[in-house]
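# Survey of secondary and tertiary structure
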Amino acid sequence: MKLSISKLILLILIFTSLGIVGCKPRGAQSAISGDAAQKTYVAPGKYDEFYDFVSGGFSGQMAVYGLPSGRLFRVIPVFSVDPEKGYGYSEETKPMLNTSHGFVPWGDLHHIALSETHGIQDGRWVFGNENNTPRIARVDLKTFRTAEIIEIPNSAGNHSSPFITENSEYVVAGTRFSIPMDNTNGDVPIKTYKQNFKGTVSFIHVDTTGRMNIAFQIQLPGVNFDLARAGKAKSHGWVFFSCYNSEKANTLLEVNASQKDKDFILCVNWKKAEEYVKTGKAEKRSVAYAHNIYDENKHMATSEIEKEVLVLDPKNCPDMVYFMPCPKSPHGCDTDPTGEYIVGSGKLAAVIPVFSFTKIQKAIADKNYDGDYDGIPVLKYETVLYGEVQKPGLGPLHTEFDANGYAYTSFFISSEIVKWRISDLKVVDRVPTYYSVGHLSVPGGPTRKPWGKYVIAYNKITKDRYLPTGPELAQSAQLYDISGDKMKLILDFPTIGEPHYAEAIPADLIMKNSQKIYKIEDNQNPNVTKGDNNVKVERKGNEVHCYITAIRSHFNPDNIEGVKLGDVVYFHVTNLEQDWDIPHGFAVKGANNAELLIMPGETQTLAWKPDRVGVFPIYCTDFCSALHQEMQGYIRVSAAGSNVPITFSMGKTEPTGPIAENKQ
């Protein structure tokens with residue numbers, strides 16, 4: 001039975017009004033597995049089995065949790081400034097947040113993707129997307145630091161990313177908001193959406209060092225792209241994007257983009273696209289986008305504005321892209337470990353369609369089309385469909401897989417995870433979530449080799465799950481054991497930001513390569529001070545540069561004079577420690593940006609413009625030793641016209657006696 005959009009929306013409203021969405025289901029307490037404590041307990045001094053990398057949503061950051069404990073280990077600053085670590089505040093990291101719009105100190109990180117080799121997670125990098133000012137970031141998993149950020153031109157709302165091909169050849173990204181292209185006159189009436197607004201999918205190449213560059217873009221009709229998965233194994237060389245708003249609505253999309261019974265999944269043959277690029281079919285377009293790279297040897301970032309991108313137009317590139325119908329307002333798009341099956345999840349659909357890659361190829365070969373959409377062939381639904389999972393639940397969103405032939409789909413409206421068998425499309429189990437699950441993840445679930453063992457739900461509503469904290473509640477994740485026939489809830493833990501997607505990877509693949517210190521002899525920062533004999537303070541016009549060392553438990557120098565009002569002071573601080581887990585902090589009273597957090601062997605710079613005359617303390621903000629409190633000093637700021645010379649010292653004491661007044 002087909003449901004009209006009005007009836008389906010009415011059904012959703014009925015469920016909501018009856019309290020099915022966001023209320024405690026019966027037996028919620030008994031839903032916890034009896035051996036949950038044993039299965040999630042990680043003894044003091046023991047390690048978790050998995051690292052779980054979780055997007056931070058509107059925080060713009062990425063969080064790292066342990067599984068099965070649910071313990072938060074680290075928040076990695078990516079797209080937003082972080083005063084805890086000085087990210088985006090230190091002179092070395094400010095360029096990481098540069099864009100074609102200038103310095104943007106915040107972001108909206110929705111999805112992540114772990115690097116792969118032969119379709120298996122390899123523990124080298126994790127990529128994250130920025131949904132607002134379109135960007136892709138690469139985090140180095142040796143250091144757990146953001147190593148690179150690249151902006152995406154001809155795009156707006158970079159939601160459908162950063163999904164990765166099975167050898168990390170490409171990170172792919174689709175536009176959420178279609179817009180007039182960057183190389184056109186963007187000042188057009190919004191009502192001309194159907195004529196002037198376009199979408200793109202971007203293919204960002206990743207070389208063997210991790211370095212990214214935009215290889216090419218494909219210009220597409222003005223639809224909204226939601227999520228994507230690259231093919232694997234037999235479907236390697238293809239990537240599949242869910243897309244909605246085939247109506248090309250530009251207002252009240254809640255209604256106007258939900259009119260059709262089916263929207264589309266876009267199928268892209270990126271191997272064919274590569275051929276077209278090589279034969280000169282791509283058009284060079286003038287654009288402007290930032291490319292920011294952090295140099296681990298210099299401990300500093302640089303930002304460059306790129307000026308050109310290659311764009312392919314499907315009308316000039318036959319056999320490169322196809323649409324296949326998918327009911328209704330598709331959100332999720334996932335490929336199983338064999339690469340044969342592509343699962344679409346229509347938010348307003350009453351079934352889960354499963355497509356066959358083999359059938360897709362046959363339909364293309366036979367030109368079995370159901371017309372076209374803006375010149376792009378539309379494959380007939382029945383010819384590419386493997387089958388439909390019947391009556392699975394309400395509001396299907398996302399699907400991941402284990403290694404035993406089962407799929408796990410999240411259902412937002414009915415607040416549950418449903419387990420179904422791929423071979424016969426039969427539902428075999430379902431468990432409630434608390435409440436309104438969005439994404440879910442199985443360790444290795446999007447790869448050729450799922451690690452399995454757990455499925456984690458990332459929920460949108462948490463009322464009555466945790467202690468109340470005012471109007472805003474903690475975000476929620478729930479851990480289910482999937483090692484047996486039935487799913488069992490074993491842990492409920494809060495998360496930062498609004499978690500969207502996550503991927504988990506065995507700890508052994510990362511832990512063995514983890515960097516502990518930066519070797520001081522390898523430090524190539526131009527402002528490094530490699531020993532106490534090299535400390536200095538220099539005036540360069542109205543700039544004062546202080547080359548400082550930090551080691552337990554003092555700064556050198558720790559007394560600085562001769563700064564004048566109107567000067568900009570640059571504190572270049574080098575941590576001389578060569579022992580693991582001995583960072584030092586640095587702050588100055590009155591600084592209106594942030595502190596520094598400096599790892600062993602690293603150099604970081606804080607710029608400070610004093611706003612008044614006086615003596616200002618400097619101190620270490622990160623506990624480093626029993627004498628941490630003593631790790632402090634002073635900097636003197638004199639009037640703009642004073643003749644106080646630049647002097648600096650550490651450990652120098654003056655003879656006792658009357659204090660002489662400084663004659664200026």
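About the thresholds
- Residues numbered from 1 in each chain as written.
- Predicted model: local features only at pLDDT ≥ 70, side-chain atom pairs only at ≥ 80, totals over all residues.
- Heavy atoms only, no water.
- Helix = DSSP H or I, 4+ residues; strand = E, 2+ residues; numbered from the N terminus.
- Rg over C-alpha atoms; globule rule 2.2 N^0.38 Å.
- Contact = heavy atoms within 4.5 Å.
- Lys, Arg positive; Asp, Glu negative; His and termini not counted.
- Charge placed at Lys NZ, Arg CZ, Asp CG, Glu CD.
- Pairing = 2+ DSSP bridges.
- Axes fitted to C-alpha atoms, helices over the stretch in contact; angles between N-to-C directions.
- pLDDT = per-residue confidence, 0-100.
- Buried < 20%, exposed > 50% of the residue type's maximum accessible area, 1.4 Å probe, protein only.
- Arc of directions from axis to C-beta.
- Polar contact = N/O pair within 3.5 Å; in protein donor to acceptor, adjacent residues only side chain to side chain.
- Salt bridge = Lys/Arg side-chain N within 4 Å of Asp/Glu carboxyl O.
- Core = buried A, V, L, I, M, F, W, Y, C linked by side-chain atoms within 4.5 Å.
- Phe/Tyr/Trp six-rings, centres within 6.5 Å; stacked < 30°, edge-to-face > 60°.
- Lys NZ or Arg CZ within 6 Å of the ring centre and 35° of its normal.

## Here we look at the overall build of the protein
Looking only at helices and strands, one finds 8 helices and 45 strands in the protein. For a compact globule of 664 residues, the expected C-alpha radius of gyration is about 26 Å, and the protein comes in at 28 Å, within 12% of that figure. For the protein, the spread of C-alpha atoms along the three principal axes comes to 95 × 60 × 45 Å. Within the protein, contacts between residues at least 6 apart in sequence are counted, and of these 62% link residues at least 24 apart. Between the averaged position of the 69 positive side-chain charges in the protein and that of its 75 negative side-chain charges there is a distance of 4 Å.

## Concerning the sheet that holds strand 32 (residues 475–481)
In space, the 4 strands of this open sheet follow the order 30-31-32-33, with antiparallel pairing throughout. Bordering the open sheet on either side are strand 30 (437–441) and strand 33 (488–495), each of which pairs with just one other strand. Pairwise comparison of adjacent strand axes, ignoring direction, gives a mean angle of 25° for this sheet. The sheet contact formed by strand 31 (residues 454–459) and strand 32 spans 6 bridges and is antiparallel. If you follow Asn459 over to strand 32, its bridge partner there is Ser476.

## Considering the environment of Glu538
The residue Glu538 is located in strand 35 (residues 536–540) in this model. Taking the C-alpha atoms as reference points, Glu538 and Glu630, separated by 92 residues in sequence, lie 25 Å from one another. Among all residues touching Glu538, those that are not within four sequence positions of it are Glu543, Val544, His545 and Tyr547.

## Remarks on the confidence of the model for the protein
Reading predicted coordinates in detail is not appropriate for stretches of low pLDDT. Mean pLDDT over the protein stands at 93; residues scoring 70 or higher make up 94%. Contacts for the low-pLDDT stretch residues 1–30, under 50 throughout, to residues beyond four places or in other chains number 30 contacts. Segment residues 659–664 is flagged for pLDDT under 50; beyond a separation of four residues in sequence, or across chains, it makes 6 contacts in the model.

## A look at helix 5 (residues 270–278)
Listed in full, the buried residues belonging to helix 5 are Trp270, Ala273 and Tyr276. Mapping the buried residues of helix 5 onto a view down its axis gives an arc of 105°, with all of them on the same face. Tucked inside the fold, the buried residues of helix 5 contact strand 11 (170–174), strand 12 (199–206), strand 13 (212–220), strand 15 (238–244), strand 16 (263–269) and strand 18 (300–312). If you check the start of helix 5, you find a side-chain oxygen 3.3 Å away from the backbone N of Lys271, and it comes from Asn269. Looking one or two places after helix 5, you find Gly280, whose phi comes out positive at around 85°.

## A short note on the side chain of Ser638
Here Ser638 is to be found in strand 44 (residues 632–638). A relative accessible area of 3% places Ser638 in the buried class. When neighbours within four sequence positions are excluded, Ser638 is seen to be in contact with Val563, Lys564, Leu565, Val613 and Val644.

## Things to note about the side chain of Arg285
By secondary structure assignment, the location of Arg285 is in strand 17 (residues 283–295). Its relative accessible area of 9% is what places Arg285 among the buried residues. Within the local environment of Arg285, its side chain forms a polar contact with the side chain of Gln219, the two groups lying 2.7 Å apart. Sequence-distant contacts of Arg285, defined by excluding residues within four places in its chain, comprise Met181, Asn183, Gln219, Lys307, Glu308, Val309 and Val311.

## Some thoughts on the environment of Ile510
Tracing the backbone through its elements, the reader meets Ile510 in helix 8 (residues 508–511). Note on Ile510: relative accessible area 1%, which makes it buried. Not counting residues up to four positions away in its chain, the partners in contact with Ile510 are Tyr51, Phe53, Gly123, Leu141, Phe144 and Ile505.

## Considerations on the environment of Pro499
With respect to the element layout, Pro499 can be found in the loop between strand 33 and strand 34 (502–506). Pro499 gets classed as buried once you look at its relative accessible area, which sits at 0%. Separated by 441 residues in sequence, Pro499 and Phe58 place their C-alpha atoms 8.7 Å apart. Every residue in contact with Pro499, bar those within four places of it in the chain, is listed here: Val54, Ser55, Tyr458, Lys460, Gln475 and Ser476.

## A look at the pattern of salt bridges
One pass over the full model with this rule turns up 32 salt bridges. The partner of Arg124 in a salt bridge is Asp122, and the shortest N-O contact between them spans 2.9 Å. Between Lys460 and Glu498 there is a salt bridge; the shortest N-O distance is 2.8 Å. Of this pair, Lys460 sits in the loop between strand 31 and strand 32 while Glu498 sits in the loop between strand 33 and strand 34, and the two are 38 residues apart along the sequence.

## Let's talk about the nonpolar core
Ranked by internal contacts, the top residues of the largest apolar core, which has 32 residues, are Phe203, Ile218, Phe241, Leu266 and Leu312. With residues near it in sequence (within four places) discarded, Phe203 still touches Tyr170, Val171, Val172, Asn213, Ile214, Ala215, Phe216, Ile218, Val239, Val268 and Trp270. Membership of the second largest hydrophobic core comes to 25 residues, among which are Ile76, Ala137, Leu141 and Ala507.

## Structural notes on the sheet that holds strand 26 (residues 396–401)
Spatial ordering of the open sheet is given by 26-27-28-29, a layout of 4 strands whose pairing is antiparallel. The open sheet is flanked by strand 26 and strand 29 (427–432), the only strands paired with a single partner. Across the sheet, the mean angle from the axis of one strand to that of its neighbour is 20°, orientation sign disregarded. For strand 27 (residues 406–411) and strand 28 (residues 416–421), the ladder comprises 6 bridges, and the chain directions are antiparallel. Counterpart to Tyr406 in the pairing with strand 28 is Arg421.

## Comments concerning the pairing of strand 6 (residues 112–117)
Counting buried residues along strand 6, 5 of its 6 residues qualify, which places the element largely inside the surrounding structure. Strand direction decides the pairing type here: strand 6 and strand 7 (residues 120–130), joined by 5 bridges, are antiparallel. Bridge pairing links Glu116 to Gln121 in strand 7.

## Side note on the packing of aromatic side chains
One pass over the full model with this rule turns up 25 aromatic pairs. Taking the centre distance of 6.0 Å and the plane angle of 80° together, the rings of Phe355 and Tyr381 count as edge-to-face. Here Phe355, found in strand 22 (residues 351–356), pairs with Tyr381, found in helix 7 (residues 381–384); they are 26 residues apart in sequence, far enough to count as distant. Taking relative accessible area as the criterion, Phe355 reaches 0% and is therefore assigned buried. The class of Tyr381 is buried, set by a relative accessible area of 8%. Each member of the aromatic cluster is reached from another via a ring pair, and the members are Phe555, Phe571, Phe586, Trp608 and Phe616. Just above the ring of Tyr547 sits the side chain of Lys536; from NZ or CZ to the centre is 5.0 Å.

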